[in-house]
Amino acid sequence: MKNFLFKLYLGCIKLVLQFTKTDANKYVILNGAGRSGSNGFLFYKYLRENHPEISVELVEPFPTTHLSFKTWQSISRAKFIFVTHEPFKIKRNQICVELWHGIPLKRMGFMAKNTNPTNNLKTMKTWAKELTTSPPALRYTRV
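Residues numbered from 1 in each chain as written. Predicted model: local features only at pLDDT ≥ 70, side-chain atom pairs only at ≥ 80, totals over all residues. Heavy atoms only, no water.

**Considerations on the sheet that holds strand β3 (residues 78–83)**
Let me state the cut-off plainly: Here a strand pair is declared whenever DSSP counts at least two bridges between the two strands. Strands are runs of DSSP state E lasting at least two residues, helices are runs of H or I lasting at least four, and both sets are numbered from the N terminus onward. Axis definition: a line fitted to C-alpha atoms, limited for helices to the stretch in contact. Angles are taken between N-to-C directions and run from 0 to 180 degrees. Only heavy atoms enter the contact rule, under which two residues are in contact if any of them lie within 4.5 Å.
Sheet architecture is open: four strands sit in the order β2-β1-β3-β4, paired in parallel fashion. Unpaired on one side and paired on the other, β2 (55–59) and β4 (95–98) mark the two borders of the sheet. Going from strand to strand, the sheet's axes swing by 20 degrees on average, the running direction of each strand aside. As defined by bridge partners, β3 adjoins β4 across four bridges and the pair is classed as parallel. Paired with Ile-81 across the two strands is Cys-96, which belongs to β4. Relative to the sheet, helix α2 (residues 39–50) contacts β1 (23–30), β2 and β3, its axis offset from that of β2 by approximately 155 degrees.

Now the structure itself:
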């Protein structure tokens, strides 16, 4: 039930924020890994120190229902959303970039006996959906 309510909550947020204008110089990092060994937090620090022309915001923890509406608006204005876990974007024109960490451990999650196979399949479908709706070519810069 909790999972259903959270999905309903996210659906309502996405619907309300569909018409927010997107800013090409706005980056949001949705950090769900905490700060210990976090790619999201380190990338945030890198952008703040080396790219002052970019407006960057760190949102942690994510996902959660405890974000203010102002934070949700900020996420919807971002052209680029960087995530540490599952893909997430509010609008189709946003670009979601996964900051992978612990790649073998993520794969092991699908093979573990203590995870819910139904949730694993939902996660795989989410990834497949995001990959097919993403732009075909992106420019990558080595950091």
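Here the narrative resumes.
**Description of the packing of aromatic side chains**
One pair of aromatic rings is described through two measures. These are the centre distance and the angle between the planes. Heads up, the rule is: Pairing of aromatic rings covers Phe, Tyr and the six-membered ring of Trp, with a centre-to-centre limit of 6.5 Å; geometry is then stacked below 30 degrees between planes, edge-to-face above 60, and tilted otherwise. Only protein chains enter the accessibility calculation, which uses a 1.4 Å probe; a residue whose area is less than 20% of its type maximum is buried, one above 50% is exposed, and one in between is partly exposed.
Applying the stated criterion across every chain yields a total of seven aromatic pairs. Their ring planes at 15 degrees and their centres at 6.5 Å tell us that Phe-43 and Tyr-46 sit as a pair that is stacked. Taken as a pair, Phe-43 and Tyr-46 lie in helix α2 at a separation of three residues, close to a single helical turn. Residue Tyr-46 is classed as partly exposed on the basis of its relative accessible area of 29%. These aromatic residues form a ring-pair network of at least three members: Tyr-27, Phe-43, Tyr-46, Phe-80 and Phe-82.

Nothing here speaks to function; it is geometry throughout.
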